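# Fold and contact review
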Amino acid sequence: MLPQFMAVLLSALGCLLLLNGGEMVEGVGVKVDGNISKIVDASYFRVYYGNTFKVIKNDLDGKSYLLIQSNSKMAAKTKYCTTVLSLFILMRLMPSLKGITSERIASPCLLKLYNEGQLQMLNKSEPQQFSQYTAHFISYNSNQQTQSCNYVTFVPIGEQTPLQRAEWIKYLGVFANVETRANEIYDVVKNNYMCLVNSTASKNLKPIVAWMEFNDGVWTFTKDAYKLKYIEDAGGENLDESINKITYNISSIEDLEQLHAILCTVDVLIDGTITPDPFGYNTTLFLQNLNIEDQSCFAFLSHESVWRHDKRLSTDLALDWFDGAVSQPQLVLADLIEMLFPTGSYTTTYFRNLLKAESATSLGLENCNRDTLTAMEPIIIACT
């Protein structure tokens, strides 16, 4: 079963559509000329190359996608059939992005394209609208009957580690014949990420981190593998594995005492509570949800180290955490290292300090400070 949070990605990104020369195609244009990708870290997709075709196997939806060279005999008789937006920007594919299905867009430059009329808004409930496109990338759709022949399931957040998620740039690269660019981007991102990992390896002190969220009176410690991996890679330590209970109801005295006892061991707390009003979510509400009266036991309070990953969001509250953070995990890792080992000289990208009243940043058209059709390069964090 796919993680529930995939629906959040879909609502944040909408669906992505790639137009091939402005016309419908049955044989997908494929170039197999040394421009190939080898999958190193990702677990849930594989790519196979022939002389005139490519096959992409997606283990998350159980489908295989056959891409055939457009001038081959087979392509003339075969219809291309299939079931994170920042990745498109990194791969110089913005000129090919022609349609979206949601106005909730985290990317300022994509929002600018839409407002300039360069992107078409499509109705997800009318699949026939997508027939003109070579590929319609979706997060996940279990209703196979509503999918037209050009649907492609794109689910990097189904992976278990940050780098596995980021390597899905190669998945898109295969469809767009830009494997070389996808390889370059991923290599740069991975090398920077691993350099940051190594920079904390020699630290003897490992701060204990609790990543949790509050919903309907219950606090839940995360079991998301990629989040736990981020903590480890940043030089931190997750909660003791012997703590097998992960949910605590604050209306239960026993649960509340157990929760407070666990939190007394925590140095850094990440509050992932989903809220309809990120700008209004403050320290008072956080403490109220924890039902804390005596704060003397909690290091994360005395050290002012309570964080949220909603620092970057669009004017309609689409979180960049589900977009840009997927494609550039080195930025998330750099944030976490600063949170665990504060220097005061680094400004976090995705996390904001709740106790220091650091507010979320609203991303609008004015935040797109480059040509919207120009490729974005990955941001490299200084690391030795």
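Residues numbered from 1 in each chain as written. Predicted model: local features only at pLDDT ≥ 70, side-chain atom pairs only at ≥ 80, totals over all residues. Heavy atoms only, no water.

Let us now look at the overall build of the chain. What the chain contains, in helices and strands, is 12 helices and 17 strands. A total of 384 residues make up the chain; the buried ones form 53% of that total. Total accessible area computed for the chain in this model is approximately 17,200 Å², and 50% of it derives from carbon and sulfur atoms. (Helix = DSSP H or I, 4+ residues; strand = E, 2+ residues; numbered from the N terminus. Buried < 20%, exposed > 50% of the residue type's maximum accessible area, 1.4 Å probe, protein only. Areas by Shrake-Rupley, 256 points an atom, 1.4 Å probe, with all protein chains shown as cover.)

Right, let's get into the packing of helix 5 (residues 169-176) against helix 6 (residues 179-199). At their nearest, the axes of helix 5 and helix 6 sit 8 Å apart, and the two run at 165° to each other. Comparing their axes, helix 6 and helix 5 come out roughly antiparallel. The element helix 5 and its partner helix 6 pack so that their crossing is right-handed. Taking contact as the criterion, the partners of Ile169, Lys170, Gly173 and Val174 in helix 5 are, on helix 6, Glu179, Ala182, Asn183, Ile185 and Tyr186. (Axes fitted to C-alpha atoms, helices over the stretch in contact; angles between N-to-C directions. Parallel < 35°, antiparallel > 145°, perpendicular 65-115°, else oblique. Left-handed = near helix turned anticlockwise from the far one by under 90°. Contact = heavy atoms within 4.5 Å.)

Residue placement: valine 266 occurs in the loop between helix 8 (253-263) and strand 13 (268-271). In this structure, the C-alpha to C-alpha distance between valine 266 and proline 207, residues 59 residues apart in sequence, is 7.7 Å. Leave out the neighbours within four places in its chain, and valine 266 touches Ile208, Val209, Ala210, Leu239, Ala299 and Phe300.

Here we have 3 strands laid out as an open sheet, ordered 2-3-4, and antiparallel in their pairing. Both outer strands of the open sheet, strand 2 (45-49) and strand 4 (63-68), are each paired with one neighbouring strand and no more. Taken over all neighbouring pairs, the strand axes of this sheet differ in orientation by 15° on average, direction set aside. As paired strands, strand 3 (residues 53-58) and strand 4 are joined by 6 bridges and run antiparallel to one another. Across the sheet, isoleucine 56 pairs through a bridge with tyrosine 65, a residue of strand 4. Contacts from helix 5 reach strand 2, strand 3 and strand 4, with the element oriented near 150° to strand 3. (Pairing = 2+ DSSP bridges.)

Moving on, we come to the side chain of aspartate 255. If you trace the backbone, aspartate 255 turns up in helix 8. Non-local contacts of aspartate 255, meaning those with residues more than four positions away in its chain, are made with Lys245, Thr247, Tyr248 and Asn249.

Take the nonpolar core next. One broad trend across soluble globular proteins is that nonpolar side chains are buried collectively. Counting residues in each nonpolar core, the largest one holds 70 residues, and the members touching the most others are Tyr171, Trp321, Leu336 and Phe351. With 8 residues, the top contributor of residues to this core is helix 12 (residues 329-340). If we skip the residues at most four places from it in the chain, tryptophan 321 touches Trp211, Tyr226, His309, Val326, Val332, Tyr350 and Phe351. Counting residues in hydrophobic clusters, the runner-up holds 23 residues, among them Phe214, Tyr281, Phe286 and Leu354. (Core = buried A, V, L, I, M, F, W, Y, C linked by side-chain atoms within 4.5 Å.)

Another aspect to go through is the pattern of salt bridges. In this structure the tally under the stated criterion is 12 salt bridges. Residues aspartate 255 and lysine 245 are paired through a salt bridge, measuring 3.7 Å at the closest nitrogen-oxygen approach. With aspartate 255 in helix 8 and lysine 245 in the loop between strand 11 (237-238) and strand 12 (247-249), this pair connects stretches of sequence that are 10 residues apart. The class of aspartate 255 is buried, set by a relative accessible area of 13%. Judged by its relative accessible area of 29%, lysine 245 is partly exposed. (Salt bridge = Lys/Arg side-chain N within 4 Å of Asp/Glu carboxyl O.)

To continue, consider helix 8. Within the sequence span of helix 8, burial applies to Asp255, Leu256, Leu259, His260, Ile262 and Leu263. Summarising the axial view, the buried residues of helix 8 lie within an arc of 160°, below the 170-degree limit, and thus occupy one face. Residues of helix 8 that are exposed and point over 90 degrees away from its buried face: Ile253, Glu254 and Glu257. In the core, the buried residues of helix 8 are packed alongside strand 9 (208-215), strand 10 (218-221), strand 12, strand 13, helix 9 (283-290) and helix 10 (299-302). (Arc of directions from axis to C-beta.)

Bringing the state of the cysteines into the picture now. One pass over the full model with this rule turns up 3 disulfides. Shown here is the disulfide that connects cysteine 195 with cysteine 383, its sulfur atoms set 2.0 Å apart. As the torsion about the S-S bond is roughly -100°, the cysteine 195-cysteine 383 disulfide counts as left-handed. On the criterion of sequence distance, the pair formed by cysteine 195 in helix 6 and cysteine 383 in the segment after strand 17 (361-363) is long-range, its members being 188 residues apart. Across the disulfide from cysteine 264 sits cysteine 297; the S-S distance is 1.7 Å. Here cysteine 264 is found in the loop between helix 8 and strand 13, whereas its partner cysteine 297 is found in the loop between helix 9 and helix 10, with 33 residues between them in sequence. Note on cysteine 264: relative accessible area 28%, which makes it partly exposed. Look at the chain and number its bonded cysteines as they come in the sequence; the links are 1-5, 2-6, 3-4. (Disulfide = S-S within 2.5 Å.)

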